[in-house]
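# Summary of structural features
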Amino acid sequence: VTVAKTAGFCFGVNRAVEMVKELLNERERVCTLGPIIHNRQLVSELEKGGARIIESPEEALPSEVLVIRSHGVSEEIESQAEKHCKRVANATCPFVSKIHKIVKEATESGRIVFIAGDQKHSEVIGIRGHCGESYVFLDEQELKKLLEKFPNIGEIPVSMVAQTTFNADLWRKCQKIFKKVCTNGIIFDTICNATSARQ
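Summary of the structure given here. (Residues numbered from 1 in each chain as written. Predicted model: local features only at pLDDT ≥ 70, side-chain atom pairs only at ≥ 80, totals over all residues. Heavy atoms only, no water.)

### Concerning the pairing of strand β7 (residues 158–162)
The element β7 is extensively covered by neighbouring structure, given that 5 of its 5 residues are classed as buried. Along β7, one buried face is formed by Val158, Met160 and Ala162 and the opposite face, lined by Ser159 and Val161, is buried too. Judged from the 5 bridges that link them, strand β5 (residues 112–116) and β7 form a sheet pairing that is parallel. Looking at β7, one finds that isoleucine 115 is bridged to valine 161. Where β7 lies against strand β8 (residues 185–187), 3 bridges are found, and the strand directions are parallel. Note on β8: the bridge partner recorded for valine 158 is glycine 185. The handedness of the β7 to β8 crossover, carried by helix α7 (residues 168–181), is right-handed. (Buried < 20%, exposed > 50% of the residue type's maximum accessible area, 1.4 Å probe, protein only. Helix = DSSP H or I, 4+ residues; strand = E, 2+ residues; numbered from the N terminus. Pairing = 2+ DSSP bridges. Right-handed = clockwise from strand over helix to strand, strands pointing away.)

### Quick word on the nonpolar core
A general feature of soluble globular proteins is that nonpolar side chains tend to end up buried together. Within the largest apolar cluster, 22 residues are counted, with the highest numbers of intra-cluster contacts made by Phe114, Phe137 and Ile153. Sorting the residues of this core by element identifies β5, α6 (140–148), β7 and α7 as the ones contributing at least two each. The element contributing the most residues to this core is α7, with 6 residues. In contact with phenylalanine 137, other than residues within four places in its own chain, are Phe114, Ile115, Ala116, Gly117, Glu142, Leu143, Leu146, Met160, Phe166 and Cys174. (Core = buried A, V, L, I, M, F, W, Y, C linked by side-chain atoms within 4.5 Å. Contact = heavy atoms within 4.5 Å.)

### Focus: the layout of surface pockets
The calculated volume of the second largest pocket comes to roughly 240 Å³. As for the second largest pocket, its lining consists of 15 residues, of which Leu33, Glu55, Arg69, Val73 and Ile77 are closest to the centre. Contributing elements (two or more residues each) for the lining of the second largest pocket: α3 (75–84) and α5 (122–128). Counting residues per element, the lining of the second largest pocket draws most heavily on α5, which supplies 3 residues. Here the residues of the lining of the second largest pocket sort into 6 nonpolar, 7 polar and 2 charged. (1 Å grid on protein atoms, 1.4 Å probe; cavity = no way out; pocket = protein on both sides within 12 Å on 5 of 7 lines; lining within 4 Å. Points joined across faces, edges and corners; volume = space filled by probe spheres on them. Nonpolar A, V, L, I, M, F, W, Y, C, P; charged D, E, K, R; others polar.)

### A few points about empty space enclosed by the protein
Using the criterion set out here, one finds 1 cavity of 30 Å³ or more in the structure. Within this model, the largest cavity holds a volume of roughly 50 Å³. As for the largest cavity, its lining consists of Thr32, Pro35, Ile36, Val43, Leu46, Glu47, Ala51, Arg52 and Ile53. When residues of the lining of the largest cavity are traced back to their parent elements, those giving at least two are α2 (40–48) and β2 (51–54). Partitioned by chemical class, the residues of the lining of the largest cavity number 6 nonpolar, 1 polar and 2 charged.

### Some points on α7
With 14 residues, α7 extends 21 Å between its outermost C-alpha atoms, agreeing within 8% with the 20 Å of an ideal straight helix rising 1.5 Å per residue. Its side-chain oxygen at 3.0 Å from the backbone nitrogen of aspartate 169, asparagine 167 defines the N-terminal cap of α7. (Expected span 1.5 Å × (residues − 1). Polar contact = N/O pair within 3.5 Å; in protein donor to acceptor, adjacent residues only side chain to side chain.)

Any functional reading would require information beyond the geometric quantities listed.
Quick look at the structure:
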């Protein structure tokens, strides 16, 4: 068995996990907004250490530190957490936070946002919660269908981003399609380097 050099947690997940472990070591009472990572063994280990999982900021107890996981959340949930919780530790991956900033600025400048990714994924849900009009597509076919909905797409200002874990080859194909028709389009390469290396 050869273990790939890139095996293991990426930077963002590792940072979030270490944040939870550090808080537990400091004897803080910790709750995480959803599982900190899609890894049952590690989540179970953190639960044994005292970190409990909640689904909304309102479920946090006054004595607990609320940790926002690496996938990030919407602006609305961030502000709910700040209002309701004594202390919030935001473990959103910096690469995801960068996308939040891009889409927010796009909306503020009157641009529509296209997101390459899985619309049910928590990262994409969080991204959409930082912008106005947005559309999600999973592959080239969905992108083509989406573009057909806008007969004057060449004149519309559109910004396009990708979920950090989106397939790099698929992203390149989607960029080609987008560039052909979106003359007012801006593409931001937001796939994480760790994702590309693993792929």
